[in-house]
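Remarks on the overall topology
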Amino acid sequence: MCSGADSTAVRTAMWRALHVLIDEPPHVLDDTIGVQIAGIDGDDWQQRPDMDPERTRSNRSSIVARARATEDVVTDRGAQQYVVLGAGLDTFAQRDEGRVRVFEVDAPATQAWKRQRLDALGLLAPERLRLVPVDFEAGESWLDKAVSAGLDPAIPTVVSMLGVTMYLTREAITETLRAAASLAAGSVMVFSYSRPIEMAPLEIRPILEGAAEGAAASGHPWLSLLAPDEAISLARDAGFADVQVVTSSDLHNRYFANRHDRLSPFGGEDLVVATTGGE
Ligand SMILES: C[S@@+](CC[C@H](N)C(=O)[O-])C[C@H]1O[C@@H](n2cnc3c(N)ncnc32)[C@H](O)[C@@H]1O
């Protein structure tokens with residue numbers, strides 16, 4: 001891995017791969033491409049403490065569930081355009097094989113690193129994937145930059161922001177949501193949020209406290225943990241007409257209820273699915 005890699009993005013890519021490598025099929029999401037893009041060779045990474053198969057069961061379940069639920073929205077809506085805010089090592093563009101035009105938005109350093117890695121692997125495909133460098137905290141408009149990169153704001157679009165709000169200030173979250181809410185009628189924004197630790201089930205709190213300390217120590221402090229009511233208000237205030245919360249328990253029922261291996265995203269991130277008006 002070269003400098004520029006965002007450690008939080010690499011970790012989520014590892015959890016997605018771990019799900020495929022150690023959990024029984026059927027897999028909620030089939031994605032080992034992210035670790036390939038990260039340039040991770042061998043399987044030493046599976047020995048990292050944050051990849052412990054037992055202790056991080058809910059983490060990897062939550063990561064694959066949020067991605068799967070979002071990609072189901074892209075498919076169900078028949079979206080022609082998909083914007084991935086804070087894309088990290090998202091691999092929808094590689095797995096979708098070009099049916100949807102994908103715009104990945106991420107911090108400039110992280111994205112420059114990913115561009116280099118995609119190029120090295122022959123995976124840069126400008127006809128289906130555009131990389132848009134934006135720092136959400138720098139007052140830049142991701143929408144203006146995505147339009148300059150070819151996004152058509154008149155077409156209903158799906159926008160995701162997964163595993164990102166916790167690293168942003170509320171002001172930056174508000175601005176990113178406002179831009180998405182200004183898209184064509186029938187556009188859908190899916191974003192995840194983490195609840196304040198004191199709202200988590202008792203047995204999960206120590207894991208979250210450890211994760212919060214680890215995040216701060218690695219230079220990625222959690223800035224915004226949101227209660228469901230606050231997440232809903234942020235989306236409504238941004239201008240979305242319809243706002244629904246999909247809780248981690250809903251995600252369990254949707255994707256894990258028939259499993260017998262105790263995998264469950266319960267206690268992990270919730271999703272907000274917000275739709276622009278006028279449909
Ligand atoms: C935990 S990763 C999630 C990546 C991906 N969405 C996923 O689910 O695997 C967080 C991502 O948010 C991006 N990010 C964090 N703060 C940002 C900011 N201020 N501007 C742009 N991107 C940011 C990071 O670069 C990283 O790629």
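My aim in this report is to walk through the structure given alongside it, one point at a time. (Residues numbered from 1 in each chain as written. Predicted model: local features only at pLDDT ≥ 70, side-chain atom pairs only at ≥ 80, totals over all residues. Heavy atoms only, no water.)

Here we look at the overall build of the protein
What the protein contains, in helices and strands, is ten helices and seven strands. Reported as C-alpha extents along the three principal axes, the dimensions of the protein are approximately 45 × 45 × 35 Å. The long-range share in the protein, meaning contacts at least 24 apart out of those at least 6 apart in sequence, stands at 75%. A total of about 12,300 Å² of accessible surface is found on the protein, and carbon and sulfur atoms cover 50% of it. (Helix = DSSP H or I, 4+ residues; strand = E, 2+ residues; numbered from the N terminus. Contact = heavy atoms within 4.5 Å. Areas by Shrake-Rupley, 256 points an atom, 1.4 Å probe, with all protein chains shown as cover.)

Some details on the sheet that holds strand 4 (residues 158-161)
Taken in spatial order, the seven strands of this open sheet run 3-2-1-4-5-7-6, and their pairing is mixed. Looking at which strands have only one partner, the edges of the open sheet turn out to be strand 3 (129-133) and strand 6 (242-246). Mean inter-strand twist for the sheet, computed between neighbouring axes without regard to direction, equals 15°. With four bridges joining them, strand 1 (residues 81-85) and strand 4 adopt parallel strand pairing. Bridging across to strand 4, Leu85 finds its partner in Met161. The sheet contacts of helix 3 (residues 57-76) involve strand 1, strand 4, strand 5 (188-193) and strand 7 (270-275), and relative to strand 5 the element is tilted by about 175°. In this fold helix 5 (residues 108-120) packs onto strand 2 (101-106) and strand 3, with an angle of close to 150° to the strand it touches most, strand 3. (Pairing = 2+ DSSP bridges. Axes fitted to C-alpha atoms, helices over the stretch in contact; angles between N-to-C directions.)

A word on the packing of helix 7 (residues 170-181) against helix 9 (residues 228-238)
For the pair helix 7 and helix 9, interaxial distance at closest approach is 8 Å and the crossing angle is 50°. Between helix 7 and helix 9, the angle is such that the two are oblique. Crossing geometry of helix 7 relative to helix 9 is assigned as right-handed. Counting all contacts with helix 7, which are made through Arg170, Ile173, Thr174, Leu177, Arg178 and Ala181, the residues of helix 9 involved are Glu230, Leu234, Ala235 and Ala238. Classifying every residue of the contact of helix 7 with helix 9 by side-chain character gives six nonpolar, one polar and three charged. (Parallel < 35°, antiparallel > 145°, perpendicular 65-115°, else oblique. Left-handed = near helix turned anticlockwise from the far one by under 90°. Nonpolar A, V, L, I, M, F, W, Y, C, P; charged D, E, K, R; others polar.)

A look at the environment of Glu54
Position of Glu54 among the secondary structure elements: in the loop between helix 2 (33-38) and helix 3. One polar contact links Glu54 to Arg262, side chain to side chain, over a distance of 3.5 Å. (Polar contact = N/O pair within 3.5 Å; in protein donor to acceptor, adjacent residues only side chain to side chain.)

A look at the pattern of salt bridges
Scanning all chains against the criterion turns up 15 salt bridges. A salt bridge links Asp31 to Arg16; its shortest N-O distance comes to 2.9 Å. Separated by 15 residues along the polypeptide, Asp31 in the loop between helix 1 (7-22) and helix 2 and Arg16 in helix 1 bring together distant segments of the chain. Classification of Asp31 by relative accessible area gives buried; the value is 2%. Linking Arg195 and Asp270 is a salt bridge whose minimum nitrogen-to-oxygen distance equals 2.7 Å. Separated by 75 residues along the polypeptide, Arg195 in the loop between strand 5 and helix 8 (205-217) and Asp270 in strand 7 bring together distant segments of the chain. Residue class for Arg195 comes out partly exposed when judged on its relative accessible area of 28%. (Salt bridge = Lys/Arg side-chain N within 4 Å of Asp/Glu carboxyl O. Buried < 20%, exposed > 50% of the residue type's maximum accessible area, 1.4 Å probe, protein only.)

Some points on the packing of aromatic side chains
In total, this model carries one aromatic pair according to the counting rule given. Judged by centre distance (5.2 Å) and plane angle (85°), the rings of Tyr82 and Phe92 are edge-to-face. Here Tyr82 is found in strand 1, whereas its partner Phe92 is found in helix 4 (residues 92-96), with ten residues between them in sequence. Phe92 sits in the buried class, given a relative accessible area of 6%. (Phe/Tyr/Trp six-rings, centres within 6.5 Å; stacked < 30°, edge-to-face > 60°.)

Quick word on helix 5
Its 13 residues give helix 5 an end-to-end C-alpha distance of 18 Å, which sits within 8% of 18 Å, the value for a rise of 1.5 Å per residue. Listed as buried for helix 5 are Thr110, Gln111, Trp113, Lys114, Arg117 and Leu118. Seen along its axis, helix 5 keeps its buried residues to an arc of 160°; they face one direction. Exposed side chains of helix 5 directed beyond 90 degrees from the buried face belong to Ala109, Gln116, Asp119 and Ala120. Check the buried side of helix 5 and you find it contacts helix 1, helix 2, helix 4, strand 2 and strand 3. Directly beyond the C-terminal end of helix 5, a positive phi value near 70° is found at Gly122. (Expected span 1.5 Å × (residues − 1). Arc of directions from axis to C-beta.)

Description of the packing of helix 3 against helix 10 (residues 248-255)
It is at 10 Å that the axes of helix 3 and helix 10 come closest, and there the two elements cross at 75°. Judged by the inter-axis angle, helix 3 sits roughly perpendicular to helix 10. Judged by residue contacts, Ala65, Arg68, Ala69 and Asp72 of helix 3 engage Leu251, Arg254 and Tyr255 from helix 10. Among the residues forming the contact of helix 3 with helix 10, the class breakdown is four nonpolar, no polar and three charged.

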